[in-house]
Structure formats: C-alpha cells, structure tokens
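Listed below are the residues making up each chain.
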Amino acid sequence: MCEAAEEEAKMVIEADGVDNEGHPMITVVANGAWSKCSYKTKYNSLSGLGSTIGYRIKKVLFIGMRNKYCTVSVHSSATDAKNTVASHKCAKNWSGSSASMEQDVIVEGMLQSIGMHGLVYRKFMLSPTGQQELVWVISINGARCNC
C-alpha cells in the first residue's frame, strides 16, 4: 500500500495537485461490503470491510475490517478464559449496525491518509451497492478532519 501511495502522490505532484501544506490531493474510489442473507431469515453479517483505491493507479491505499464477533473470546473455556482472552488479539472491533461497517472503514482510511501516506483525499468516487458504474462523486475541497 505504501508503494501505491507513493506512485499516486508522484502523479498528482507532477500535475500540481497539492494543497497549501504540500500534501498531494488525490481522487480515490471507495467501496465496502458486508454479507446479507435472506434464506428463511433476515441475516446481517457479523463482519464487513471497506477499501480505498487510488483513482489514477488503481491500487489499494487502505483496507479495513469490522467484526462484531470474536470466536476466541466467546468460546474460551471457563478454566482458561482469563489466560486465553488476555493473550489473544481480539477480532471484535465493532458494535454498530452491519450496514454502517463499510462507511466507518472508509472514514478511518480518510482520517489516516495523511499519517499513513502523506495524502489528502480531495474527491471520493463511490458506487452504490450492486452498481458496476461509479455514480457518486463527493468533492472534499481540501476540508480536513482533525480528530
């Protein structure tokens, strides 16, 4: 991902697409997914993911997952629960709705873009669920979130 970010930044810098602090301002394609099944029941997945891809180079810049469940935490036996639970990296990192997992990962990617890669996301291109063509373009206009 770091090499992809460097390649994307180089292309933007050559086209003079930098902000007043010298950060390359790039366009990204963002999308996410979570499973939904309706066979005899309405089911939302306990896991979801989101990714951000550089528009020019078409390589992944950020990917993240959200999980509402951790097998190790749930299935640890009562006798060794304290040791097992304390010694593992818990996969559960989400308690919100399944539908909001992908948006949260995309926002996380945006918030980490300067720290991880020194890039500012200027425009997001988004594809609604089930659509092959990119239909939404959101211009950020250099807005920053200092969280």
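Residues numbered from 1 in each chain as written. Predicted model: local features only at pLDDT ≥ 70, side-chain atom pairs only at ≥ 80, totals over all residues. Heavy atoms only, no water.

Per an unreviewed UniProt entry, the chain goes by the name Mutator-like transposase domain-containing protein and belongs to Dryococelus australis.

(A) Local environment of the overall build of the chain. Summing up its helical and strand segments, the chain has 4 helices and 5 strands in all. Helices and strands appear in the chain in the N-to-C order α-β-β-β-α-α-α-β-β. By the burial criterion, 33% of the 147 residues in the chain qualify as buried. Carbon and sulfur atoms provide 54% of the accessible area of the chain, an area that totals close to 9,600 Å². (Helix = DSSP H or I, 4+ residues; strand = E, 2+ residues; numbered from the N terminus. Buried < 20%, exposed > 50% of the residue type's maximum accessible area, 1.4 Å probe, protein only. Areas by Shrake-Rupley, 256 points an atom, 1.4 Å probe, with all protein chains shown as cover.)

(B) Up close: helix α4 (residues 101-117). In a regular helix each residue adds 1.5 Å, so 17 residues correspond to 24 Å; α4 covers 23 Å between its end C-alpha atoms and thus fits that length. Among the residues of α4, Met101, Glu102, Val105, Ile106, Gly109, Ser113 and His117 are the ones counted as buried. Looking one or two residues beyond α4, the residue adopting positive phi is glycine 118, at roughly 70°. (Expected span 1.5 Å × (residues − 1).)

(C) Examining the pattern of salt bridges more closely. What the rule picks out here adds up to 3 salt bridges. As a salt-bridge pair, arginine 66 and aspartate 104 come within 2.7 Å of each other at their nearest N and O atoms. Of this pair, arginine 66 sits in strand β3 (residues 60-67) while aspartate 104 is found in helix α4, placing the two residues 38 residues apart along the sequence. Given the relative accessible area of 27%, aspartate 104 is considered partly exposed. With a shortest N-O distance of 2.5 Å, arginine 66 and glutamate 108 are connected by a salt bridge. (Salt bridge = Lys/Arg side-chain N within 4 Å of Asp/Glu carboxyl O.)

(D) Summary view of a nonpolar patch on the surface. A contiguous nonpolar patch, built from Met1, Leu49, Val60, Ile63, Met65 and Met116 and spanning about 510 Å² of accessible area, is present on the exposed surface. Ranked by the residues each element gives to the nonpolar patch, the list is headed by β3, at 3 residues. Along the chain, valine 60 falls in strand β3. A relative accessible area of 36% means that valine 60 is categorised as partly exposed. (Patch = residues over 30% accessible without salt bridge, like charges linked within 9 Å, V, L, I, M, F, W, Y side chains within 5 Å.)

(E) View of the nonpolar core. Within the largest apolar cluster, 16 residues are counted, with the highest numbers of intra-cluster contacts made by Ile26, Val28, Ala30, Leu61, Leu119, Tyr121 and Phe124. Put simply, the parts of the chain that give this core at least two residues each are α1 (2-14), β1 (25-37), β3, α4 and β4 (120-126). For this core, the element with the most residues is α1, which contributes 4 residues. With sequence-adjacent residues up to four places away left out, leucine 61 is seen in contact with Met1, Ala4, Ala5, Ile26, Val28, Thr52, Ile53, Gly54, His117 and Tyr121. (Core = buried A, V, L, I, M, F, W, Y, C linked by side-chain atoms within 4.5 Å. Contact = heavy atoms within 4.5 Å.)

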